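Each chain is listed here by its residues.
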Amino acid sequence: MDEIDSTASKGRIGECLVIYLLEKCGVECHHVDRSGIDLWCQSRNKDVFTVQVKSANVNSYRSRYSFNVATTKTADFYVFVALDLEQIIVRSTSEVTVKTTLRIPLNIFTEEESNRALALLSNFKREHHLP
């Protein structure tokens, strides 16, 4: 994939890629225009979760990706997209402790990690707490 310069274009391409990958795994996705939430999804288990997609091209000088994670509203999961590799990783929002820029090394984005991420989301089951 050619490098995309526009932040808006990167974001939109990443969101479309994630929708494609999740729908292919049986996850129903709805693109939403909400601050901090990009996708409303329903897993194969019929449980609903929200996703914030973050997309970047590699900084070849440093062999890493930089993602802006500064937001006031949070989804259940972040899906980080390596646009040039067309690979993803997933982290729950509780795992992302930085509040500005998250830097992820190039070697973290692998086909195995993408498959693990897709399995996690497609099989998502929310723990229900009854009173």
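Parameters and conventions
- Residues numbered from 1 in each chain as written.
- Predicted model: local features only at pLDDT ≥ 70, side-chain atom pairs only at ≥ 80, totals over all residues.
- Heavy atoms only, no water.
- Phe/Tyr/Trp six-rings, centres within 6.5 Å; stacked < 30°, edge-to-face > 60°.
- Helix = DSSP H or I, 4+ residues; strand = E, 2+ residues; numbered from the N terminus.
- Buried < 20%, exposed > 50% of the residue type's maximum accessible area, 1.4 Å probe, protein only.
- Expected span 1.5 Å × (residues − 1).
- Arc of directions from axis to C-beta.
- Contact = heavy atoms within 4.5 Å.
- 1 Å grid on protein atoms, 1.4 Å probe; cavity = no way out; pocket = protein on both sides within 12 Å on 5 of 7 lines; lining within 4 Å.
- Points joined across faces, edges and corners; volume = space filled by probe spheres on them.
- Nonpolar A, V, L, I, M, F, W, Y, C, P; charged D, E, K, R; others polar.
- Polar contact = N/O pair within 3.5 Å; in protein donor to acceptor, adjacent residues only side chain to side chain.
- Pairing = 2+ DSSP bridges.
- Axes fitted to C-alpha atoms, helices over the stretch in contact; angles between N-to-C directions.

Student: Even after reading the chapter, I still don't get the packing of aromatic side chains, so can you show me in this structure?
Tutor: Aromatic rings in a pair are described by how distant their centres are and how their planes are angled relative to each other. Counted by the stated rule, this structure contains eight aromatic pairs. With a centroid separation of 4.9 Å and an interplanar angle of 65°, the aromatic rings of Tyr-65 and Phe-109 are classed as edge-to-face. With a gap of 44 residues between them, Tyr-65 in strand 4 (residues 64-68) and Phe-109 in the loop between strand 7 (101-105) and helix 2 (111-122) connect regions that are remote in the sequence. On the basis of relative accessible area, Tyr-65 is assigned to the buried category, the value being 0%. Since its relative accessible area comes to 5%, Phe-109 is described here as buried.

Student: Honestly, helix 2 in this entry has me stumped. Any pointers?
Tutor: Residues spaced three or four apart along an α-helix face the same direction, because each turn holds 3.6 residues. An ideal rise of 1.5 Å per residue puts 16 Å on 12 residues; helix 2 measures up with 16 Å between its terminal C-alpha atoms. Taken as a whole, helix 2 has its buried residues at Glu-113, Ser-114, Ala-117, Leu-118, Leu-121 and Ser-122. Projection of helix 2 onto a plane perpendicular to its axis shows the buried side chains occupying an angular sector of 160°, all on one side. Among the structural elements, helix 1 (7-24), strand 3 (48-56), strand 5 (77-82) and strand 6 (87-92) are those in contact with the buried residues of helix 2.

Student: In this structure, what is going on with the layout of surface pockets? I would like to understand it.
Tutor: The gaps of empty space that remain are located by a probe, the size of a water molecule, rolled over the atoms. Taken as a whole, the largest pocket encloses approximately 380 Å³ of empty space. Lining the largest pocket we find 19 residues, and of these Thr-7, Gly-11, Val-53, Lys-54 and Ser-55 sit closest to its centre. At the level of secondary structure, the elements contributing two or more residues to the lining of the largest pocket comprise helix 1, strand 3 and strand 4. In terms of residue count, the dominant contributor to the lining of the largest pocket is helix 1 (six residues). Here the lining of the largest pocket is composed, by residue class, of four nonpolar, nine polar and six charged.

Student: Explain the environment of His-30 here, please?
Tutor: Among the secondary structure elements, His-30 is positioned in strand 1 (residues 28-34). Setting aside its immediate chain neighbours within four residues, His-30 contacts Asp-38, Leu-39 and Trp-40. Of note is the side chain of His-30, whose polar atom sits 2.8 Å from the side chain of Glu-28.

Student: What am I meant to see in the environment of Ser-9 here?
Tutor: Looking at the secondary structure, you find Ser-9 in helix 1. Using a relative accessible area of 32% as the deciding quantity, one classes Ser-9 as partly exposed. Sequence spacing of Ser-9 and Ser-55 is 46 residues, and the spatial spacing of their C-alpha atoms is 9.6 Å.

Student: I keep staring at the side chain of Ser-92 and nothing clicks. Help me out?
Tutor: Mapped onto the elements of the fold, Ser-92 is located in strand 6. Ser-92 sits in the buried class, given a relative accessible area of 17%. A polar contact is formed between the side chain of Ser-92 and the side chain of Ser-94, at a distance of 3.0 Å. With residues up to four places along the chain from it excluded, the contact list for Ser-92 reads Asp-76 and Phe-77.

Student: Explain the sheet that holds strand 3 here, please?
Tutor: Strands belonging to one sheet form pairs held by backbone hydrogen bonds; the direction of such a pair is parallel or antiparallel. Read across the sheet, five strands follow the order 1-2-3-5-6 without closing on themselves; strand pairing throughout is mixed. The open sheet has two edge strands, strand 1 and strand 6, and neither has a second partner. The sheet shows a mean angle of 30° between the axes of neighbouring strands, taken without regard to direction. Looking at chain direction, strand 2 (residues 37-42) and strand 3 are connected through four bridges and run antiparallel. Across the sheet, residue Gln-42 finds its bridge partner in strand 3, namely Val-48. Lying over the sheet, helix 2 contacts strand 3, strand 5 and strand 6, oriented at roughly 50° with respect to strand 6.

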